[in-house]
Amino acid sequence: MLRPSLRKPDQMRPVEIETNVNKWAEGSCMIKIGGTHVICNASVEMQQPLWKRLQNKTGGWVTAEYSMLPRAVGIRKSRDAMLKDHRCAEIMRLVGRALRSVVDMEKLGRHTITIDCDVIQADGGTRCAAITGGFVALSLAMKKLLLEGRISENPIGDYVAATSVGYWHGELVLDLDFEEDSAAELDANFVVTGDGKFIEIQATGEAHPFEAGKINDMMALAAKGCAELIGLQKQVLE
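Residues numbered from 1 in each chain as written. Predicted model: local features only at pLDDT ≥ 70, side-chain atom pairs only at ≥ 80, totals over all residues. Heavy atoms only, no water.

A. Region of the structure containing the pattern of salt bridges. Evaluated as defined, the whole model comprises 12 salt bridges. Among the salt bridges present, the one from Glu180 reaches Arg3, with a minimum N-O distance of 2.6 Å. In this pair, Glu180 is assigned in helix 6 (residues 178-181) and Arg3 in the segment before strand 1 (15-19), connecting sequence segments 177 residues apart. The same class applies to Glu180 as to Arg3, namely buried. Asp195 is paired through a salt bridge with Lys197; the nearest N and O atoms lie 3.9 Å apart. Owing to a relative accessible area of 54%, Lys197 belongs among the exposed residues under this scheme. Within this structure, Arg3, Arg7, Arg13, Asp175, Asp177 and Glu180 form a network of salt bridges that share partners. (Salt bridge = Lys/Arg side-chain N within 4 Å of Asp/Glu carboxyl O. Helix = DSSP H or I, 4+ residues; strand = E, 2+ residues; numbered from the N terminus. Buried < 20%, exposed > 50% of the residue type's maximum accessible area, 1.4 Å probe, protein only.)

B. View of the environment of Glu153. Turning to its location among the elements, Glu153 is positioned in the loop between helix 5 (126-147) and strand 6 (160-168). The spacing of Glu153 and Phe135 is 18 residues in sequence and 17 Å in space, taken between C-alpha atoms. What Glu153 contacts, discounting residues up to four positions off in sequence, is Lys107 and Leu146. Of note is the side chain of Glu153, whose polar atom sits 2.9 Å from the side chain of Lys107. (Contact = heavy atoms within 4.5 Å. Polar contact = N/O pair within 3.5 Å; in protein donor to acceptor, adjacent residues only side chain to side chain.)

C. Up close: the sheet that holds strand 1. Here we have five strands laid out as an open sheet, ordered 1-2-3-5-4, and mixed in their pairing. Of all strands in the sheet, those with a lone pairing partner are strand 1 and strand 4 (61-68), marking the two edges. Averaged over all adjacent pairs, the angle separating strand axes in this sheet is 15°, with direction ignored. As judged from the seven bridges shared by strand 2 (residues 27-33) and strand 3 (residues 36-45), these two strands associate in the antiparallel manner. When the sheet's bridge partners are listed, Ser28 is paired in strand 3 with Asn41. In the packing of helix 7 (residues 213-237) onto the sheet, the strands contacted are strand 1 and strand 2, and the crossing angle to strand 1 comes to about 25°. (Pairing = 2+ DSSP bridges. Axes fitted to C-alpha atoms, helices over the stretch in contact; angles between N-to-C directions.)

Here's what the structure looks like:
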């Protein structure tokens, strides 16, 4: 069956990453994956988070926040409703976990880096875009810390990107847009490193339970998509 976007089953939507879009943030980018547009800003505090200081922990910390603007979707959502959105809380935890997985907190020193991911337009895959763009903003912030001599070695050990894969009308497809995601029988989000290892998998059988074997096919396709995203990350960062 022809996809709504006329893409091939294993084809990503067009992806663009523009860096340094915020003059104040230590690292920033705008990532566009099809109709999904997310601004990612990395802010550096020159101290540990309070919980680490209270527990006399060493090393720094990386965390994330995520939100959607009121008209990022088809029908406006009030700001009050967004503040109470449990989905946003779940996504910000996911983004934080994904980024921390490749950061050596001891090398980061006593710094806290917060990645703000703000969706200005949503068309499926916002959490994946937030992770992929968030990594770029984080990397730029690390470069700034290195240039300023605040750290002596880059704490980031590998690249990180994320994409979605699902079964849509019985066909395995990569990088679902909203129309596909809302009709998928099975969909999953995959967070993958530059060396092809998986950090997190979030899979849901929307229509019915699924067999374990399907995950293997989905993982292979997700690895392909993330490799493409990481290739673009390298272009804009190197």
